[in-house]
Amino acid sequence: MRYEGMVYRPPSEAYSLIVQITIGCAHNKCTFCSMYKEKKFRIRPVSEVLEDLEMARRRYTYVEKVFLADGDALVLKTEHLVTILDRIRELFPECKRVGIYGRHGDIARKTPEELMLLRDKGLGIVYLGAESGSAKVLEDICKNATPEELISAVRKVEDCGIKASVTFISGIAGKDHWQEHAIETGKMITAMNASYVSLLTLMVEPGTPLYKDIKEKRFQLLSPAEILLETELLLENANPEKPCVFRSNHASNYLSLKGDLPQDKAQLLAQVRYAKSNMGLLKDERFRAL
């Protein structure tokens, strides 16, 4: 198998076969992100991807899931994705799901018919980083997306029968806008009706624009206690109509939360409020990781 650079994948794809169909991220300007800085974005030739799949079949006797990387792999033309998905189905009949990273613009450029075709060919889940529901925060972090565009993209994916897994980041608004971030993110979760929502906690890597902003005191990080306040406010405003799997158990999180919205909302809020009075329950800073 061939893979260029550092491997990045969603936590739920830890045991998947990971195949690069793009290298890096076409946007690659988010102020908090260091993931693809060492890579220059390009689309791999489909022939190379097919070779990788054939190499993987010779190496692995059982592949339950396949994840298509890198950052916004859904940017590929639908015809090329279909070719890759068809080959996955031929080579790995045991494969139960194919996942992919996608940006809102990638989704907007696909017609509903194209997305449903990809679904029928085996694409089961699209991972999308929304980060915040606040227009102000999205602009500050150079996300190049509006709340309306993000909501529309997720609803489009879900309406076409593909599950959407959306990531938000606690602390991404800093001390100045944490309340707006929490309220608007909760509202976005409500409007999106995604199948999965995950909440990470900000960790800033050296070399990123946000790291420089912190060093020059233009951005103030939230304390663990403030992160809990923000999480509480977010959950109070999150009321999706259909069941949504909610996870805040990433290695970056101070407090591990696991439940479904809306049915487990009271339980999740109770856990946050209990932790506010028992700060010793929070993960020590030394053990947080990306």
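Values in this document were obtained by computation on a predicted structure and should not be read as measured data.

### Points about the packing of helix α9 (residues 224-236) against helix α10 (residues 265-277)
Closest axis-to-axis distance for the α9/α10 pair is 10 Å, and the angle between their directions is 165 degrees. In terms of axis orientation, α9 runs roughly antiparallel to α10. Crossing of α9 over α10 shows left-handed handedness. Along the contact surface, α9 presents L228, L229, T231, E232, L235 and E236, while α10 presents K265, L268, L269, V272, R273, A275 and K276. Among the residues forming the contact of α9 with α10, the class breakdown is 7 nonpolar, 1 polar and 5 charged.

### Details of the packing of aromatic side chains
When we look at a pair of aromatic rings, we describe it by the centre distance and by the angle of the planes. Applying the stated criterion across every chain yields a total of 4 aromatic pairs. When the centroid spacing of 5.3 Å and the interplanar angle of 75 degrees are considered together, the rings of Y8 and Y36 count as edge-to-face. With Y8 in the segment before β1 (17-20) and Y36 in the loop between β2 (22-23) and β3 (42-43), the pair connects residues that are 28 residues apart, well separated along the chain. Taken as a pair, Y8 and Y36 share a single burial class, namely buried. For the pair F67 and Y127, a centre-to-centre distance of 5.8 Å together with 80 degrees between the ring planes defines the contact as edge-to-face. Of this pair, F67 sits in strand β4 (residues 65-69) while Y127 is found in strand β6 (residues 123-131), placing the two residues 60 residues apart along the sequence. Y127 carries the same exposure label as F67, and that label is buried. The lysine or arginine in question, R288, covers the ring of Y254, its NZ or CZ lying 4.3 Å from the ring centre.

### Some words on helix α6 (residues 147-159)
Taking 1.5 Å per residue as the helical rise, α6 with its 13 residues ought to reach 18 Å, and the 18 Å between its terminal C-alpha atoms agrees with that figure. Three or more residues of α6 are buried, namely P147, L150, I151, A153, V154, K156, V157 and E158. Where the residues of α6 are buried, they touch α3 (104-109), α4 (112-120), β6, α5 (135-140), β7 (163-170) and α7 (178-192). Once α6 finishes, G161 follows within two positions and takes phi at roughly 85 degrees, a positive value.

### Examining unusual backbone geometry
In this structure, the amide linkage connecting A69 to the following residue, D70, adopts the cis form with an omega of 5 degrees. Note on placement: D70 falls in the loop between β4 and α2 (78-91). The linkage connecting L261 with the following residue, P262, adopts the cis geometry, with an omega of 5 degrees. Note on placement: P262 falls in the loop between β10 (257-261) and α10. In this structure, C142 takes a positive phi of about 60 degrees despite not being glycine. Looking at the secondary structure, you find C142 in the loop between α5 and α6.

### Things to note about the sheet that holds strand β5 (residues 97-101)
The sheet built from 8 strands is open, its strands ordered β1-β4-β5-β6-β7-β8-β9-β10 with mixed pairing. Either end of the sheet is taken by a strand with one partner, and the two such strands are β1 and β10. In this sheet, neighbouring strand axes are inclined to one another by 20 degrees on average, regardless of whether the strands run parallel or antiparallel. Together, β6, β7, β8 (196-201) and β10 form the strand contacts of α7, whose direction differs from that of β7 by roughly 175 degrees.

### Things to note about empty space enclosed by the protein
Empty pockets left among the atoms are what a rolling probe the size of a water molecule brings to light. Tallied over the full model, the rule gives 1 cavity of 30 Å³ or more. Estimated volume of the largest cavity: approximately 80 Å³. Residue lining of the largest cavity: S170, L199, T201, I227, L228, T231, S248, N253, Y254, L255 and L257, and that is the complete set. Per-element accounting of the lining of the largest cavity gives the leading share, 3 residues, to α9.

### With respect to the environment of I162
Within the fold, I162 resides in the loop between α6 and β7. Judged by its relative accessible area of 1%, I162 is buried. Separated by 106 residues in sequence, I162 and A56 have C-alpha atoms that sit 25 Å apart. Excluding residues that lie within four positions of it along the chain, I162 makes contacts with L115, R119, L123, G124, I125, V126 and V157.

### Describing the pairing of β6
In terms of burial, β6 is a largely internal element, 8 of the 9 residues being buried. Pairing between β5 and β6: 4 bridges, direction parallel. Pairing of I100 across the sheet is with V126, part of β6.

What counts as what
Residues numbered from 1 in each chain as written. Predicted model: local features only at pLDDT ≥ 70, side-chain atom pairs only at ≥ 80, totals over all residues. Heavy atoms only, no water. Axes fitted to C-alpha atoms, helices over the stretch in contact; angles between N-to-C directions. Helix = DSSP H or I, 4+ residues; strand = E, 2+ residues; numbered from the N terminus. Parallel < 35°, antiparallel > 145°, perpendicular 65-115°, else oblique. Left-handed = near helix turned anticlockwise from the far one by under 90°. Contact = heavy atoms within 4.5 Å. Nonpolar A, V, L, I, M, F, W, Y, C, P; charged D, E, K, R; others polar. Phe/Tyr/Trp six-rings, centres within 6.5 Å; stacked < 30°, edge-to-face > 60°. Buried < 20%, exposed > 50% of the residue type's maximum accessible area, 1.4 Å probe, protein only. Lys NZ or Arg CZ within 6 Å of the ring centre and 35° of its normal. Expected span 1.5 Å × (residues − 1). Pairing = 2+ DSSP bridges. 1 Å grid on protein atoms, 1.4 Å probe; cavity = no way out; pocket = protein on both sides within 12 Å on 5 of 7 lines; lining within 4 Å. Points joined across faces, edges and corners; volume = space filled by probe spheres on them.

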